[in-house]
Structure formats: C-alpha cells, structure tokens
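# Architecture and fold: a report
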Amino acid sequence: MIELRALTFRYDDPPAPAVLDAVDLTIDNGELVVLAGPTGAGKSTLLGAVAGLVPSYTGGTLSGDVLLDGVSIVDLPARERAHAIGYVGQNPAAWFVTDTVEEELAFGMEQLGLPAPTMRRRVEETLDLLGIADLRHRDLRTLSGGQQQRVAIGSVLTAHPRLLVLDEPTSALDPTAAEDVLATLTRLVHDLGVSVLVAEHRLERVVPFADRLCLLHGGGKLEVGDPAEVLREAPIAPPIVELGRLAGWDPLPLTVRDARRKAPALRERLGEPPERARPNDTAAPLVDVRRLVVAHGRTAAVRDVDLTLRPGTVTALMGRNGAGKSTLMWTLQGRHQPAGGSVQVAGSDPAGLKPEQRRTTTGLVPQSPADLLYLETVADECAAADRSARQPSGTCAGLLERLAPGIDPGQHPRDLSEGQRLALAVSIVLTARPPVLLLDEPTRGLDYPAKHALAALLRDLAREPGHERAVLVATHDVEFVAQAADDLVVLAEGEVVSAGPVARGVAESPSFAPQVTKVLGPGWLSVDDVAAAL
Amino acid sequence: MRLPRDLHPVAWWAWAVGLAVASSCTTNPLLLVGLLGTMTLVVLTCRSDQPWARSFRLYVWLGAITLVVRIVFRIVLGGDVPGHVLFTLPSIPLPDWAAGISLLGPFTREELLAATYEGLRLATLLIAVGAANALANPKRLMKSLPPALYEIGTAMTVAISVVPQLADSARRVRAAQQLRGGPEGRFRRIRGVRRLLVPILEDSFDRSLALAAGMDARGYGRTGDLTPGQRRATGALILAGLLGVCVGVYAFLDSSAPRVLAVPMLVLGMVVALGGFALAGRRVGRTRYRPDRWRLPEVLVAASGIAAGAGMWAVQRWEPQVAHPGVLTTPGLSLLAVAAALVAVLPVWVAPLPLTVARREAVLAG
C-alpha cells in the first residue's frame, strides 16, 4: 500500500552524514510494522518523511520516493496526505488543537470537509472503539497520559486513514496504560484493517504484536524482517531476547509465553536465584517521612505516606500517572508544604529551609531536564553551577566527565542527546553536594544501552565510598527498576500500596514484574543476574 | 421545556452590544443603575462554569476603578465651576503657558455629580462588554466566523489556549530553576530573568512548532482543488473591501472629509468585502462539527438587547430631559426609559439553562 523507495535524508547545515540512507520499505494493508533503533538513529525522521512533515518542519534534503498505491506523494505536504496517513507525534499534549475531547476528534474531519452527519457518527464510533466515551466533554489538559494518548490516536482515526504512524506512543505511560494503548492498536489492525507503523524504544511491549520489525542502524541503513530474525543480531534488544541469546534458544522467543516453555531447562542449569547484596540496613536514615499528607487545594495528592531512605540505597518509586510521585518528590525537596505528618531530610524539615539550603540537602532532577538549562554552552552551565554552589571551579565539569565522558564543552545544551542532557542536569544539581538525589522520570527517551548506563551510574552514585547518597527515582520502566534499584515503593492514589526490596516487590505484582522474573520465576530480576549465574 | 445547552455566542454579543449602546445614550444614574442590575442578574443566572465565565468580576472591578479615577481627576483638575462647595483644597496655579488651568481648589457638589454620572456611564459600557465575555464561549464565537475567516478563527482559538499553557510552563520552569542557584551580586534580579525566559521561550517555541506540525498532519490548511490564482483573487477582494470600509467609516465620522468618500465608499467597501467572503466561502472544502444553530431563544435574547439599545436611543432623541437630566435637578424617569432599561432582563427566562459539570453528570447518571 505504502512504499518507500531509496529514501535518503541528510541535514545540509553543517554538512552531515545521511540520517536515512537509501531506505526501502513496503507496508501492506493491515500490517503492524515496528520501527526500532538506538536513540538519534533517525526513527522520528523516517516517520516524519512518511507523514510529510520532513523536510518541511526540520530542514534538510529528502530524496527518493514515497508511493501511496503506486502514486508518488513525496512532494505533497502533510495536510494533503491527512486523509490517507494519520500521524501521532511523540508528545500528544503538545499536538492538541482544541480543548475538549469531542472537538479534538472532529478537528481532522472538519479539515477534510466531511458532512456533519458523518462526522457525528464517526465521533461516536471512535469514542466507543477507544473506550473514552465517558471523557467526551472533558478538558484535554485534565486527562491522564494514557487517556491523552488514546484521544490523540482517536483524533487521527476519525479521518479513516489507511496507515497510522505513531512515534513512541507508550514512552510516557505507566505499564498498564501502555498495555491499553497497544491493545487498542492491535484491535485496529485486526478489526479495521488499518496498517500501523510504530516507533518504540521499549521493544518488550510491542514486539509480541509486530508482523515485521525494521531496525534502523546508526548510518541510516534499514534492516527489515521477521522480528525473531532481526533481533538475533540487533544492538538493542528487549530483556527476553537477551535472555534467549544467552541461553542459546532458537528460534528466539518474543513473548513471555514462548520463553516460559523453554525455561525449565535453563532453570535447572541456573539453580537457586542469587541473593542481591543489600546496602547497610542499619545506617541512620537520610530521609524520614511519617504519615505525610500533601494537598493540592482540597484534594490530597499524597496521603499517610511513610518512607525511609538510607544512604547507599537506590529506591524506585512507581505508580500510575497522577499517583502522586512528583508531588512526593517535590515535598522532599521542600517546595510543597505538607498538610500533615512530618518530613525530615538530613535532619531538618525541607519546607522550612531557604532555597540555597535546600539545594545542599536534596538534589532534584525534574521531569524535563531542559527546564534547568539556560546558557549557551555546556562549559558555561558548569561554571554557573560551580559559582552558585560556591564550589571550586571544575567541580561540575568533573562530575559531568564522570557521568557522561566525552561531551564537547563548547556544545549547546540543546544539541546534546537525551541521555547527555540528563547527565548534565544531574551534574548541576550534584555540584552542591546534596546527600539525597531525586530523579523524576529520568528514563524517558533513553534506549537500552543508555538505560543500562544510567542504572549503573545511579548505583555508583549511591555507593560512592565516603560519600554515600540516598537515591530516589520515579519511573514507569520495570526493566530499569530491576537493574537499578534496591528497594521499590509503589504508590496508588497518593498512598503506599507496597514497599520493600525490589525482588519481593516485583514478585508480588504481575504488572510490575520484569520479563526475566516472568520467565524464570521470583528471585531472577535482570539478564545480568542470569549471566553472572551461568 | 428549557434544556441545558450553550446559547449561540453571537446572540449574547448582540444582546451586550445593545446594552452598551443603551448605556452610552444616557447619563441618568437611575437608568444606568437599572442597566447594571439587568446585566448582573442575567450574567449570574445564565453563565456556565467555564473559566471565561469568571471574568465578569474582573470587569466589575474595572468599572469601579474607572468611576473612582474619573472622580479623582475631577478633584485634581476641576475647580472654578460655580455651585455648592463641598470642600476646598489649596489651589495650585500652573504657569501661564498652561492656559489658566489650576490644580485642586474648591470642589463642588455639581462637579461630583457630573463626574459620577460620566464615570457610571463608562463603567456600564465596560461591564456590558464584560457580560458578553462571561456569557459567550469565546471559542464557539471564533467558530461562528464566516467560512472565509476560518483560518484566522482557528489561529485565534489556538492563541487563546496558549496562555494557560504558557502559565503552566512558567510555573514549571520557576520551580526547576530553584533547584540550582542563580547569579549573585548586583543586578542578579535582572540577570535572573534570563534563567526563566530562556527555558520558557524555548519551551513555547518547541510547542508552537509541534502544534503547527500537528495541525498540518491533520489536514489544516488543505487547499483542495483551489488554484493559487483563485486564492489570490479572493484575498485581494476581501482586502480591498475592508480597506474601503475603513476609508468610508473614517470619512463618515470626520465631517471635513469629502462626502463622496463617506456613505458611498462605505457601501462599496462592504459589497466588495462581502463578495470576497462569499467567493471564499463557496470554495472552502471544510465543514463544521455540530455548528451552533440560530433558534427562537437566540432571536429573543438578541432582540431584547437590541430593544434596550433602540429604546434608550429613542429616549435620548425625544425625552432628552430624562436621558441627560444634568446635575442641577433630580433625575426623573419615564415609562419608555424604564422599559428600555429593564427589557434586557428577558434572557433570564428565555435563554437555555447553562451547561455545567453538575448538569452533565446528572445526564450521565441518567
């Protein structure tokens, strides 16, 4: 149905190697194709070229051809392709044009000039198809991440496109909401015969549904094939595939169900699950929260929460979007005044401290690290951080060199990759030497190698000899939690529903279990554990 | 039976413009207070629970401030008007080149009344605009623009929704910048502004670009089978027409301009512009989801406002003593004047009930 022929794209200023290099791809009716690749490999560029947004919104030169049913559409702008290709971008909230769900669903159809009765019927059908009929009059900004994502999908579906293009639809969602969105996508493919092209970082979620997998390599070459074949050699692979490679399974299992069937033999070879080294549980806690209540207006965002963070421990904080994770973090930082209970961070109540005292007790890295940055070069940012923390010059640059070696100090912070920018933000807040480090959703937009590096880094920072820190990290990524964390705290509706060591926490709840645990049973958390045992 | 729904926003604006005309036709404080009461009653009963509905209070404050400022100016700049002196402030004569104006000095009851009447008239006018803002859904108003202006309307709708987003992002960046220290020493406040502005602007540029891409990907601005020549012709017609209207209005108001530029130019401009709109409208391949319809309640609401305006104009024309009683006599009333001031209260009974969250939930609960 849609066909890419020798599609090549490169930025002209400054002259750079090709982002896409002679890419060929054909997508048939009713096919679900997953696009994978390391961060910055050009996945979004490829999707944008299909939708018509590249090069008009990015600059650069595109050559080659895009055919829709044999007709070239490469010169048509995105708006003239809207009836056939529906595009959902990375951050749906930034894409909403209107302000209520119903109007948003109708917007695309209004542009296409469909008759009013048709629009009415399609809006109702789409509301039902996506299970959002009860949200129809809601303000879009009040919706949760998963709901927003479904509205965004619905708003392009109403135009009845033949191909749906999605850029990381689940990257900001909690595991359950992500499952919902993916289930919706498979239903569209099966029931309506829509073709889907989806880019995704967390392959473990989408690969089981994929008909074919495209792997975009660093130099812009595209490898297309059966998921099990492509993943055999791929540099990025979900944990289950890494496990399969390690155990020498053939063909590679892509679903937990397939892997479980092959697991008994491996389990016998492995023997008893390893005991993870626990940090010192007797050290005096750095953060001590008792029966904490925080309210926004009249609604309690956090209620009756007890939390203890000890030096040398990495604690993961999980829970749905809107469960109170960010509120809890900002309360520990001191920005929110508790409505009840007590908070002690390094021996004092953070809400009573001055901003500069807060910075020396807790370092918080917010959800979008870019909010912290305002100068033109990395070197300037580091120098400013040293000055304001009254540390000898070079402290921040030294930290950055340790966290993300090899960043050019003359670079603009906006030109850094997601992982590098995160490292810069972490270095800036750590310059003031706070004993407590809080990170709000740091794994967004990171690929497997980057997440692996971040996990190792957090463990190092927590256990730095003579300088032990307490680290709290809010995330949706169970695989990351399995790699990085010692303890797990799960929040729901502002209350703690489970707290304890990670191995116990993930064994208790199936939706938070990492793939390795699902396959090999409780005790096994990550592929590294298995590799060490073999 | 009146079912809850949004009234056509143009109907509310017609009603409010009628009231604004009515209030500019009189300085009679009794009539002005009557108009104010009418507006307040209608706003309180007919407004929804959306954010813009809360803006009425803002306009009331604005009106009150206008009134006070008017009186203060009269105290400062007035003087030298004969009448009952209320109090005397030391007079400050200005030098000769200021043409004999003196500041402060005696303040008379007549001056106070004149300032109050004028201020009240201005305040009523402002509050009429506020009433329209509180009652009419601004986004639906944009949607009722003629199809030719659709693109401008959408741009305005987007602009309206950018403001709350900008506030969100400002709050987020402020909190984030607290997490790291700022510049120190002298001028740190001025240099600190940059810490907020740079991330906020970057964020809003990113957002605008994303929104533009999103709208484009969903077909916004599709030209269909319109040729560039046709588009240029329509644009030229509309622009030329609007220019004609502007010249006409200017000549109409400025009595020294040649008369041939006045009414004929106005009419010609309107015809050309309407022609352009019609041409553009016919070629637009867009449709509207659930358009607002013009039904009986809309007609009644708009008519009641227009009746108030027309009635008050008639009072000014034929009963000038009632419309402008002056400051020397007690203001009087007449049947026509009272009717004109109170007829605009009709929406309280004829307008559909406003849509609120509670009513919507009641429907869902069934």
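Calculation criteria
Residues numbered from 1 in each chain as written. Chains lettered and ligands numbered in written order. Predicted model: local features only at pLDDT ≥ 70, side-chain atom pairs only at ≥ 80, totals over all residues. Heavy atoms only, no water. UniProt positions renumbered as here; feature names shortened; annotations may be inferred. Helix = DSSP H or I, 4+ residues; strand = E, 2+ residues; numbered from the N terminus. Rg over C-alpha atoms; globule rule 2.2 N^0.38 Å. Contact = heavy atoms within 4.5 Å. Areas by Shrake-Rupley, 256 points an atom, 1.4 Å probe, with all protein chains shown as cover. Lys, Arg positive; Asp, Glu negative; His and termini not counted. Charge placed at Lys NZ, Arg CZ, Asp CG, Glu CD. Buried < 20%, exposed > 50% of the residue type's maximum accessible area, 1.4 Å probe, protein only. Axes fitted to C-alpha atoms, helices over the stretch in contact; angles between N-to-C directions. Parallel < 35°, antiparallel > 145°, perpendicular 65-115°, else oblique. Left-handed = near helix turned anticlockwise from the far one by under 90°. Nonpolar A, V, L, I, M, F, W, Y, C, P; charged D, E, K, R; others polar. Patch = residues over 30% accessible without salt bridge, like charges linked within 9 Å, V, L, I, M, F, W, Y side chains within 5 Å. Salt bridge = Lys/Arg side-chain N within 4 Å of Asp/Glu carboxyl O. Buried area = accessible area lost by both parts, 1.4 Å probe. Domains from an automatic or database assignment. Polar contact = N/O pair within 3.5 Å; in protein donor to acceptor, adjacent residues only side chain to side chain.

One UniProt comment on chain A, placed under Subcellular location (unreviewed entry), says "Cell membrane". UniProt, in its Sequence similarities (unreviewed entry) section for chain A, records the words "Belongs to the ABC transporter superfamily."

### What to know about the overall build of chain A
Counting secondary structure elements, chain A contains 20 helices and 19 strands. By the compact-globule yardstick of 24 Å for 534 residues, chain A fits well, its C-alpha radius of gyration being 24 Å. If one aligns the C-alpha atoms of chain A with their principal axes, the spans along those axes are about 70 × 55 × 50 Å. Of the contacts formed within chain A by residues at least 6 apart in sequence, a portion of 68% connects residues at least 24 apart. Carbon and sulfur atoms form 49% of the exposed surface of chain A, whose accessible area is close to 20,800 Å². Within chain A, the 70 negative side-chain charges are centred at a point lying 4 Å from the centre of the 52 positive side-chain charges.

### Overview of unusual backbone geometry
Residue and element names in this part refer to chain A. The residue after V54, namely P55, is reached through a cis peptide bond having omega 10°. Mapped onto the elements of the fold, P55 is located in the loop between α1 (43-51) and β4 (61-68). In this chain, D250 is followed by P251 through a cis amide linkage whose omega measures -5°. Residue A6 is not a glycine yet carries a positive backbone phi of 45°. Its relative accessible area of 38% is what places A6 among the partly exposed residues. With a phi close to 55°, R433 is a non-glycine residue in the positive phi region.

### Re the packing of helix α3 (residues 56-77) of chain B against helix α4 (residues 109-135) of chain B
All names here are of chain B. Closest axis-to-axis distance for the α3/α4 pair is 8 Å, and the angle between their directions is 160°. Here α4 runs roughly antiparallel to α3, going by the angle between their axes. Crossing angle aside, the handedness with which α3 passes α4 is right-handed. Among the residues forming the contact of α3 with α4, the class breakdown is 17 nonpolar, six polar and four charged.

### A look at a nonpolar patch on the surface
On the surface, a nonpolar cluster with roughly 750 Å² of combined accessible area is contributed by B:W61, B:I65, B:V68, B:V69, B:V72, B:F73, B:V76 and B:L77. B:W61 gets classed as exposed once you look at its relative accessible area, which sits at 57%.

### Focus: the interface of chain A and chain B
Between chain A and chain B, the contact holds 61 residues from the first and 52 residues from the second. When the two sides are added together, the surface that chain A and chain B hide from each other amounts to roughly 5,000 Å², 50% of it contributed by carbon and sulfur. On the chain A side of the interface with chain B, the three residues burying the most area are A:Q111, A:D371 and A:Y374, jointly 15% of the side's total. Counting every contact that joins chain A to chain B gives seven salt bridges. Between A:E376 and B:R194 there is a salt bridge, with its nearest N and O atoms 3.1 Å apart. In terms of residue count, helix α3 (residues 101-112) of chain A provides more of the side of chain A that touches chain B than any other element does, ten residues in total.

### Points about the domain arrangement of chain A
All names here are of chain A. For chain A, the assigned domains are domain 1 (2-236) and domain 2 (287-368 + 434-493). Counting residues at the interface gives 14 residues for domain 1 and 13 residues for domain 2. If you look at where domain 1 meets domain 2, you find zero salt bridges. Where domain 1 touches domain 2, the interface holds two residue pairs in polar contact (both at pLDDT 80 or more). Looking at the side of domain 1 that touches domain 2, the element that brings in the most residues is helix α7 (residues 203-206), giving three residues. Across the side of domain 1 that touches domain 2, the residue classes tally to six nonpolar, four polar and four charged.

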